[in-house]
Amino acid sequence: MEFDLRDKVAVVTGGSRGIGKAIAQAFLEAGASVMLVSRKAEVLEAVQREFAERFGDDRVASVAGNVGDESVPGEVVAETLRRYSAVDILVNNAGTNPHYGSLLTITTSQIDKIFDVNVRAVMLWTQAVWSQYWSVNTDARGSVINLASIGGLSVDRNIAMYNVSKAAVIHLTKQLAPELGPNVRVNTISPGLVKTDMARALWEGREDEIAHNFPLRRLGEPSDIGDLAVFLASDRASWITGSNFVADGGALVS
Ligand SMILES: NC(=O)c1ccc[n+]([C@@H]2O[C@H](COP(=O)([O-])OP(=O)(O)OC[C@H]3O[C@@H](n4cnc5c(N)ncnc54)[C@H](OP(=O)(O)O)[C@@H]3O)[C@@H](O)[C@H]2O)c1
């Protein structure tokens, strides 16, 4: 049986490419309406047009902004409510890693950027939906999906602070689950290596070599994560909260 998101409204941060775009597309295919957020307005508007042609003008909207800016979550949630009168699903997907290399060379501005976008924004966006919608509509059911990483469960010397931030996302999700229940569920997805721009330096030109070590012998496609997000957003996951879902082709057990 298909997972059904008809009549649900989702906000997806980082929805203009990669995993966020695939999650938005999977939600649209399952019947949801989607509000997309990312920084580059032109790219975002092009994705909005692409989705509008396939799914209808009324099913997709966008607001350009930096997820880490304090005012942006409140503005986007207000615009989503003005347009769709609900927010049922929040996907905190936008993420960044401005530093590659030893922890001993990372700068304070790089540390701040990693934590502002990867961790603090998860709080700001969750608080914005909570304060404007879930806390005032006590019958409303919700699902928050936070993008972590298998890096949050393992050690890699080259992307260490990013991994620390993703471990924080996994734990923040556990802390939020009892606060948001019983009507709002909150879970993390921890992808392995997925073929997107963000991870390009890790896989381009080496796909077969890397995939050979994975039990499922391939790298992730953004749609692999979209499918899992649809399940977690749907009522089929109605007894699941505070959990972390690994989707990595078996990388962690290779
Ligand atoms: N790809 C992987 O292998 C992998 C593995 C594990 C976890 N993840 C996680 O999955 C999530 C998505 O990653 P991805 O690989 O799809 O990345 P991506 O291809 O680089 O896409 C990132 C998206 O987020 C937006 N974005 C980045 N920083 C932003 C900010 N400060 N404010 C608003 N939007 C912002 C980007 O658009 P703009 O640049 O226009 O803002 C883009 O839409 C991230 O949280 C990442 O850490 C990825």
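The model shown is predicted, which means the values in this text are computed figures rather than measured ones.

With that settled, the discussion passes to helix 2 (residues 41-55). Helix length check: helix 2 (15 residues) gives 20 Å between terminal C-alpha atoms against 21 Å at 1.5 Å per residue, within 8%. Those residues of helix 2 lying buried are Leu 44, Val 47, Phe 51, Ala 52 and Phe 55. Taken around the axis of helix 2, the buried residues stretch over an arc of 140°, which confines them to a single face. Of the exposed residues in helix 2, those oriented more than 90 degrees away from the buried face are Glu 42, Arg 49 and Glu 53. Elements that come into contact with the buried residues of helix 2 comprise helix 1 (18-29), strand 2 (33-38) and strand 3 (60-64). Backbone geometry just after helix 2 places Gly 56 at a positive phi near 110°.

Once that is clear, we can look at the side chain of Asn 187. With respect to the helices and strands, Asn 187 occurs in strand 6 (residues 184-191). Within the structure, Asn 187 has its side chain in polar contact with the backbone oxygen of Ile 240 (distance 3.1 Å). A distance of 2.9 Å separates a polar atom in the side chain of Asn 187 from the backbone nitrogen of Ser 243. Not counting the four nearest positions on each side in its chain, Asn 187 is found in contact with Val 144, Ile 145, Asn 146, Thr 173, Leu 232, Ile 240, Thr 241, Gly 242, Ser 243 and Phe 245.

What follows deals with the site of the ligand. Every one of the 29 residues lining the ligand counts as a neighbour, but Ser 16, Arg 39, Asn 93, Tyr 162 and Thr 196 are closest to it. Ser 16 is positioned such that a nitrogen or oxygen atom in its side chain is 2.7 Å from an oxygen atom of the ligand. Gly 192 has a polar backbone atom sitting 3.4 Å from an oxygen atom of the ligand. When the free accessible area of the ligand is taken as 890 Å², the share hidden by the protein chains comes to 96%. Of the residues that constitute the shell around the ligand, the class distribution is 12 nonpolar, 12 polar and 5 charged.

Definitions and limits used
- Residues numbered from 1 in each chain as written.
- Predicted model: local features only at pLDDT ≥ 70, side-chain atom pairs only at ≥ 80, totals over all residues.
- Heavy atoms only, no water.
- Helix = DSSP H or I, 4+ residues; strand = E, 2+ residues; numbered from the N terminus.
- Expected span 1.5 Å × (residues − 1).
- Buried < 20%, exposed > 50% of the residue type's maximum accessible area, 1.4 Å probe, protein only.
- Arc of directions from axis to C-beta.
- Contact = heavy atoms within 4.5 Å.
- Polar contact = N/O pair within 3.5 Å; in protein donor to acceptor, adjacent residues only side chain to side chain.
- Near = heavy atom within 4 Å.
- Areas by Shrake-Rupley, 256 points an atom, 1.4 Å probe, with all protein chains shown as cover.
- Nonpolar A, V, L, I, M, F, W, Y, C, P; charged D, E, K, R; others polar.

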